Amino acid sequence: MFNSSSTSLSFVFGLTFLFFSCQSKESNDSSTRGLIADKAMVVSARVEASAIGLQILKQGGNAFDAMAATELALAVAFPFAGNLGGGGFMVYRLADGQVGSIDYREKAPLAAHRDMYLDEDGNVIPGLSTKGALAVGVPGTIAGIYEVHQKFGTLPWSEIIQPVIHLAENGVVVTEKQAQRLANNRKDIIEVSGEQTLFAREFQAGDTIKYPALAETLRRIAANGADEFYKGETAQRLVAFLQAKGGIITLEDLASYQAQWREPIRFDYRGHSIISMAPPSSGGVTLAQIMGMLEPFNLAAMRHNSPNYIQVLTEAERRAYADRNYYLGDPDFVEVPINQLIDKSYLKSRMASFDPDKATLSSDVGHGELSIIESDETTHYSIVDQFGNGLSITTTLNGAYGSKLYVDELGFFLNNEMDDFSSKTGVPNMFGLIGAEANAIAPGKRMLSSMTPTIVEKDGKLLMVVGTPGGSTIITSVLQTILNVVEFGMNMQEAVDAPRFHHQWLPDHINFEPEGFSSSDMEILKAKGYKINEGYTPIIGKVDAILVLKNGRLEGGADKRGDDTAEGY
């Protein structure tokens, strides 16, 4: 339901006012400085989620408690990508320096098979893996955040969820950007979910959307834990709904789902230790490859975003993405040669063909029969708590509003993550992904992802928590944000706001954000043989990051490209 009252506004303003007195801008900092906080910070795609996460910290909870609250609040405030019906990855660094990660990526149902989206002639059936119930992978979000809370949380589970229930009941004010996203996707949502679904209505900026069904679902999860979603009344209602819509997820699929603790990827770059997500995310491995190829170059001596800088990054990205597309998949199903891929001598050999005077052709670089362009509809949030723990979390429904299938009686969208598999080798998915055998559909398998939640250490201490949505541009957005700080000395907000560019091997062109790059620099690159995408270029990532300053305070970088907001105290 929705109305144009100020109920949601008063709730949000009250919540943010609670923290405002504890936040400050350092008076001697530039106007580009992000929010400064003394003790703790949450940066996410919506102010409501950041404020609720911070509220949990102020109640004495830790970053892991705040993770659960922030993630669930994003399902209310940012249904475009925030979710109960999707999955994600989290990388953590404890105050004592211990690191780890959890994989709560969706899985293929047990009834899935490699040819499930092909017709009798072996051709891909358009739309079958992208819209509706058959596109849905087994959701991992609730299992992931509950598992994290069970291992590291300190506050009672039900106490963490209570402010999110309050948010769902009172509603969330629609922003200008959200109104546009809803309008853009309304037709597809109606096609899949029907004329009576909540999001069939036309919402304008300033309207308040309330989620009473989601509030009830959250009450049951608060009372019964993850078992409610995977074995309880919610599971039964979800499976009945999906099967009535032609889906194949069963109660057995839900009951058998488990989040997986994994060792993160860890590598060094110029005296910094980078901790990022391992497969089935491709993010950490590809980031390690790119940064390993860049390390021999004196980037700091180059003008930021100069033609020389763009060229070196482009050539490293080109080679890393070629390897990414060929070798990576779910490590529980395929052998992923991680150590070989990030070996320094191997990376040096990969860059041996680099020529500063001209572009390398992607057709001359590795496994040229594969390509990838992924969904942009992901969300990221970063947390540093008052105890010194740092968390980087990226979560997704895959497409915008996932499969466009909204479970009105439960109050959330379901993912279309099955499209991230290779429906058929050599045939592109909805985002242009042409898959390799390593990412073929198999029962219980996790699909490959580019999500790159990352933590940076310097001198054995926490320096940065960073991540972004953006599909295949996630890795390069995280890369450039880190380099902006490490190589060019930018503060966190400057590093997040700086114009970004992207190359991913195929298609063989460089994407530039519309603002921030000069035509003269473009001409220099063209003269060297680089192809520039001069058509429409979407936003390249929406980075949410936290930097630990030399004085121990925290600076938030909330991306101006979205409604993203930092909250701290």
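So, how was this worked out
Residues numbered from 1 in each chain as written. Predicted model: local features only at pLDDT ≥ 70, side-chain atom pairs only at ≥ 80, totals over all residues. Heavy atoms only, no water. Helix = DSSP H or I, 4+ residues; strand = E, 2+ residues; numbered from the N terminus. Buried < 20%, exposed > 50% of the residue type's maximum accessible area, 1.4 Å probe, protein only. Contact = heavy atoms within 4.5 Å. Lys, Arg positive; Asp, Glu negative; His and termini not counted. Charge placed at Lys NZ, Arg CZ, Asp CG, Glu CD. Phe/Tyr/Trp six-rings, centres within 6.5 Å; stacked < 30°, edge-to-face > 60°. Pairing = 2+ DSSP bridges. Axes fitted to C-alpha atoms, helices over the stretch in contact; angles between N-to-C directions. pLDDT = per-residue confidence, 0-100. Salt bridge = Lys/Arg side-chain N within 4 Å of Asp/Glu carboxyl O. UniProt positions renumbered as here; feature names shortened; annotations may be inferred. Polar contact = N/O pair within 3.5 Å; in protein donor to acceptor, adjacent residues only side chain to side chain.

Broken down by element type, the protein carries 17 helices and 21 strands. Overall, the C-alpha framework of the protein stretches about 65 × 60 × 40 Å when taken along its three principal axes. Here the protein, with 569 residues, has 65% of them falling under the buried criterion. Within the protein, counting contacts between residues at least 6 apart in sequence, those at least 24 apart form 74% of the total. Each charge sign in the protein was given a centre, from 48 positive and 69 negative side chains, and these centres are 3 Å apart.

Let's shift gears to the packing of aromatic side chains. Describing an aromatic ring pair means giving the distance of the ring centres and the angle of the ring planes. Tallying each qualifying case throughout the model produces 25 aromatic pairs. Relative to phenylalanine 203, the ring of phenylalanine 199 has its centre 5.9 Å away and its plane inclined at 65°; by these criteria the two rings are edge-to-face. For phenylalanine 199, a relative accessible area of 2% puts it in the buried group. You can call phenylalanine 203 buried: its relative accessible area is 5%. With 6.3 Å between their ring centres and 80° between their planes, tyrosine 309 and phenylalanine 501 make a pair best called edge-to-face. Here the residue tyrosine 309 occupies a position in helix H12 (residues 307-327), and phenylalanine 501 occupies one in strand S17 (residues 501-502), the gap between them amounting to 192 residues. The buried category is assigned to phenylalanine 501, whose relative accessible area is 0%.

Here we come to the environment of valine 124. Topologically, valine 124 is positioned in the loop between strand S5 (99-104) and helix H4 (141-152). Taking the C-alpha atoms as reference, valine 124 lies 22 Å from leucine 397; in sequence the two are 273 residues apart.

The seven strands are arranged S8-S5-S4-S12-S11-S3-S21 in an open sheet whose pairing can be described as antiparallel. Each edge of the sheet is formed by a strand with only one pairing partner; in this case those strands are strand S8 (260-262) and strand S21 (565-568). The average angle at which neighbouring strand axes cross in this sheet is 15°, direction not considered. Bridge count between strand S3 (residues 41-44) and S21: four bridges; the pairing is antiparallel. Pairing of valine 43 across the sheet is with alanine 566, part of S21. Taken strand by strand, helix H3 (residues 63-77) contacts S3, strand S4 (87-93), S5, strand S11 (377-384) and strand S12 (390-398), and its axis lies near 150° from that of S11. Strand contacts of H4: S4, S5, S8 and S12, with the helix running at about 150° to S5, the strand carrying the most contacts.

We now examine the pairing of strand S16 (residues 461-466). With five of its six residues buried, S16 lies for the most part within the structure. What sits between the antiparallel neighbours strand S15 (residues 454-458) and S16 is a turn of two residues, in which aspartate 459 has the positive phi angle 55°. Bridging between S16 and strand S19 (residues 544-548) involves two bridges; their strand directions are antiparallel. Within S19, the position partnered with methionine 464 by the bridge is leucine 547.

A few words on the confidence of the model for the protein. Reading fine detail from the predicted coordinates is not recommended where pLDDT is low. Considering every residue of the protein, the mean pLDDT works out to 91; 90% of them sit at 70 or more. Segment residues 1-29: pLDDT under 50, and 64 contacts once partners within four positions in sequence are set aside and those in other chains are kept. Counting interchain partners and residues more than four positions distant, the pLDDT-below-50 stretch residues 368-373 has 32 contacts.

Below, the discussion takes up the pattern of salt bridges. One pass over the structure, following the stated rule, counts 31 salt bridges. A salt bridge links arginine 303 to aspartate 521, with the nearest nitrogen and oxygen atoms 3.1 Å apart. Here the residue arginine 303 occupies a position in the loop between helix H11 (283-294) and H12, and aspartate 521 occupies one in helix H17 (residues 519-527), the gap between them amounting to 218 residues. Given the relative accessible area of 9%, aspartate 521 is considered buried. Connected through shared salt-bridge partners, Asp103, Arg262, Asp332 and Arg446 make up one network.

On to the UniProt feature "binding site: L-glutamate" (unreviewed entry) in the protein. When the UniProt feature table is mapped onto this chain, "binding site: L-glutamate" (unreviewed entry) is found at Arg105, Thr396, Leu397, Asn398, Asp420, Ser449, Ser450 and Gly471. Along the polypeptide, arginine 105 turns up in the loop between S5 and H4. If we skip the residues at most four places from it in the chain, arginine 105 touches Gly88, Phe89, Tyr257, Thr396, Glu417, Asp420, Arg446, Met447, Leu448, Ser449 and Met451.

The topology assignment puts glutamine 480 in helix H15 (residues 474-486). Here the side chain of glutamine 480 touches phenylalanine 501 through a polar contact of 2.6 Å, landing on its backbone oxygen. Residues in contact with glutamine 480, not counting those within four places in the same chain, are Leu313, Glu317, Pro499, Arg500 and Phe501.

Going from proline 279 to proline 280, the amide bond is cis rather than trans, its omega being 20°. As for its placement among the helices and strands, proline 280 is situated in the loop between strand S10 (272-276) and H11. At the junction of leucine 506 and proline 507, the peptide bond is cis and its omega measures out at -5° in the coordinates. Residue lysine 404 is not a glycine yet carries a positive backbone phi of 65°. By the element assignment, lysine 404 lies in the loop between S12 and strand S13 (405-407). What makes lysine 404 buried here is its relative accessible area of 7%. Of note in this structure, aspartate 459 is not a glycine but carries a positive phi near 55°.

We now examine the sheet that holds S15. Reading across the sheet, the seven strands line up as S2-S20-S19-S16-S15-S10-S9 and stay open at both edges, with antiparallel pairing between neighbours. The sheet terminates laterally at strand S2 (36-37) and strand S9 (265-269), the two strands that pair on one side only. Here S9 runs beside S10; their pairing, made up of five bridges, is antiparallel. Bridging from a neighbouring strand, isoleucine 265 pairs with serine 276 of S10. Packing against the sheet, H11 makes contact with S9, S10 and S15, and its axis sits at approximately 15° to S9.

Right, let's talk about the environment of lysine 39 for a bit. Topologically, lysine 39 is positioned in the loop between S2 and S3. Spatially, the C-alpha atom of lysine 39 lies 45 Å from that of proline 443, the residues being 404 residues apart in sequence. Non-local contacts of lysine 39, meaning those with residues more than four positions away in its chain, are made with Val384, Asp385, Gln386, Leu554 and Tyr569.

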